[in-house]
Amino acid sequence: MVFADLEARAAALDAADPLAPRRGLFHLPEGVIYLDGNSLGALPLSVPGRIAAVLREEWGEGLIRSWNEAGWIDLPARVAAKIARLIGAEPNAVLVGDSTTVNVFKTLDAALRLVPDRRVVLTDSGNFPTDIYAAEGLAGLRAGGFEIRIVRPDEVASAIGDDVAVVMLTEVDYRTGRRHDMKAITAHAHAAGAVTLWDLAHSAGALPVDLVGAGADFAVGCGYKYLNGGPGAPAFLYVAPRHLGSVTPALPGWLGHAAPFAFDLGYRPAPGIERMRTGTPGVLGVAALDAALDVFEGVDMAVVAEKAARLAGLFVEGVERACRDLVLAGPRDPALRGSQVSFHAEEGYAVMQALIARGVIGDFRAPDIVRFGFTPLYVSHRDAVRAAATLAAVVNERLWDEPRFKVKAKVT
Ligand SMILES: *Cc1c(COP(=O)(O)O)cnc(C)c1O
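Residues numbered from 1 in each chain as written. Predicted model: local features only at pLDDT ≥ 70, side-chain atom pairs only at ≥ 80, totals over all residues. Heavy atoms only, no water.

As annotated in an unreviewed UniProt entry, the chain is Kynureninase from Oharaeibacter diazotrophicus. On record in UniProt, under Cofactor (unreviewed entry), the comment for the chain is "pyridoxal 5'-phosphate". You can read under Sequence similarities (unreviewed entry) in the UniProt record for the chain the words "Belongs to the kynureninase family." (UniProt positions renumbered as here; feature names shortened; annotations may be inferred.)

Quick look at the structure:
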């Protein structure tokens, strides 16, 4: 067995793993190795009971009274404070709600208003398309529009010229896992008179993030990936407190008003981050995310990142040892990547389907990427080695070569 030594090493690492008990906080289906928590986090066991209570007791019995008596009105701020700890933000600088895409739109607009004399938004070709689509939509609405300048990820730093208003980047590349140096790029942007907007979709809950330390201006992120908030969970946005006073939302709403229940016909922004709120938050989704975030209580994100590096390292070592046909996509050095690894694979879609049929769940990203997310709260070192062995078997024995594995579903 090619992996006997890796299995033994993994077993020893599992035995010494301080995060191992966290796995018991999740529902994980029998026989499944789940390496797609970067796309949809697993279900924390605390969520179903919480949702049932919100439905039956708070909504069912409490009705409208629950906005006050069950604290619905303050729930988003409490959840935002939990997220703030994970991303190194000031506790009052994060707003929970909407989708990541909506939050890109809102924060990019706010960022552009801070630099009114420039007309370039700089981003890179590794960015997630939705961020660029949101920017295009915004450009169509703003008087005079703006240019969206897309460069290669390694060219970003040198492309920050004095015409750039906003540097808009996703910290960890959704395909390859390549990670930008947030602190260095932010410093560079500031020196050139630009502001930064960071998308933390593949960072929040996966890596230590230090928005304050990096001097970041704006950020957004996703609730349903590493934060385990459930499908379509509310997203979040961040505005550095130094900017808050001069930021006006593109789409103001009554709950972002300084006095929502005065029902004034004129909009006056709330003094804090709440001014960025567009409408009534989805309480069910926020409550699920709140319960889900308890799995991070007392967790040191540096320990999470170290384990993620070990998991990915074991996986890559196993795959490369057993299977010459797969080529690592993205950085080998864990310091340069997020919590995922990807391989270029011919017939990658079918390879992933065959793998899923054998209980190892990752995903496929066009054109040829098979992608594996390592979520250290519920993936073990042995999982990583077994997943590598299964992937190698699927490729080496051409187990993917069946018609049923080549039928493309809507979601890949
Ligand atoms: C997943 C992801 C999103 C998702 O946006 P939604 O509006 O929640 O669908 C946005 N940006 C990045 C970088 C992502 O990886």
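Looking now at the site of the ligand. Surrounding the ligand, one finds Ser99, Thr100, Thr101, Phe128, Thr130, Asp131, Thr170, Asp199, Ala201, His202, Tyr224 and Lys225. At 3.4 Å from an oxygen atom of the ligand is found a main-chain nitrogen or oxygen belonging to threonine 100. Between the ligand and aspartate 131 there is a distance of 3.1 Å, counted from a nitrogen atom to a side-chain nitrogen or oxygen. (Near = heavy atom within 4 Å. Polar contact = N/O pair within 3.5 Å; in protein donor to acceptor, adjacent residues only side chain to side chain.)

Taken domain by domain, the chain comprises domain 1 (4–30 + 300–406) and domain 2 (49–296). Here domain 1 and domain 2 have C-alpha centroids that lie 30 Å from each other. In this assembly, 24 residues from domain 1 lie in contact with 19 residues from domain 2. With both sides pooled, the region where domain 1 packs onto domain 2 buries about 1700 Å², and carbon together with sulfur makes up 62% of that total. In this assembly, domain 1 and domain 2 are joined by 0 salt bridges. Across the domain 1-domain 2 interface, the total number found is 8 residue pairs in polar contact (both at pLDDT 80 or more). (Domains from an automatic or database assignment. Contact = heavy atoms within 4.5 Å. Buried area = accessible area lost by both parts, 1.4 Å probe. Salt bridge = Lys/Arg side-chain N within 4 Å of Asp/Glu carboxyl O.)

Its place among the elements puts arginine 277 in the loop between α10 (241–244) and α11 (283–293). Sequence-distant contacts of arginine 277, that is, excluding residues within four places in its chain, are made with Pro76, Leu95, Val96, Lys106, Gly253, Leu255 and Gly256. (Helix = DSSP H or I, 4+ residues; strand = E, 2+ residues; numbered from the N terminus.)

Right, let's talk about the sheet that holds strand β8 (residues 195–199) for a bit. Across the sheet, which stays open at both edges, the 7 strands sit in the order β4-β10-β9-β8-β7-β5-β6 with mixed pairing between neighbours. Among the strands making up the open sheet, the edge pair consists of β4 (94–96) and β6 (147–151). Within the sheet, the average angular offset between the axes of one strand and its neighbour, ignoring direction, is 20°. Strand direction decides the pairing type here: strand β7 (residues 164–170) and β8, joined by 5 bridges, are parallel. Across the sheet, the residue bridging to valine 166 is valine 195, located in β8. Of the strands in this sheet, β5 (120–124), β7, β8, β9 (218–221) and β10 (236–239) are in contact with helix α5 (residues 100–114), which crosses β9 at around 175°. (Pairing = 2+ DSSP bridges. Axes fitted to C-alpha atoms, helices over the stretch in contact; angles between N-to-C directions.)

Moving on, we come to the UniProt feature "binding site: pyridoxal 5'-phosphate" (unreviewed entry) in the chain. The feature "binding site: pyridoxal 5'-phosphate" (unreviewed entry), as given by UniProt, occupies Thr100, Thr101, Phe128, Pro129, Thr130, Asp131, Thr170, Asp199, His202, Tyr224, Trp254 and Thr280 in the numbering adopted here. Judged by maximum C-alpha separation, these annotated positions cover 181 residues in sequence and are scattered in space, the widest gap reaching 31.2 Å. Locating aspartate 131 in the fold gives a position in helix α6 (residues 129–141). A residue is classified by how much of its surface remains accessible, and aspartate 131, at 2% relative accessible area, is buried. For aspartate 131, the residues in contact, after removing those within four places along its chain, are Val104, Met168, Thr170 and Asp199. Secondary-structure assignment places tryptophan 254 in the loop between α10 and α11. Among all residues touching tryptophan 254, those that are not within four sequence positions of it are Pro260, Phe261, Phe263, Thr278 and Thr280. (Buried < 20%, exposed > 50% of the residue type's maximum accessible area, 1.4 Å probe, protein only.)

A few words on the pattern of salt bridges. Between side chains of opposite charge, a pair can form when the charged atoms approach closely. Here the structure, examined in full by the defined rule, presents 28 salt bridges. Ionic pairing is found between arginine 382 and aspartate 14, a salt bridge with its closest N-O pair at 2.9 Å. In this pair, arginine 382 is assigned in helix α14 (residues 381–396) and aspartate 14 in helix α1 (residues 4–15), connecting sequence segments 368 residues apart. In this structure arginine 382 comes out as partly exposed when scored by relative accessible area, which is 32%. For aspartate 14, a relative accessible area of 10% translates into the label buried. The shortest N-O distance in the salt bridge between lysine 82 and aspartate 294 comes to 2.8 Å. In this pair, lysine 82 sits in helix α4 (residues 75–87) while aspartate 294 sits in the loop between α11 and α12 (301–322), placing the two residues 212 residues apart along the sequence.

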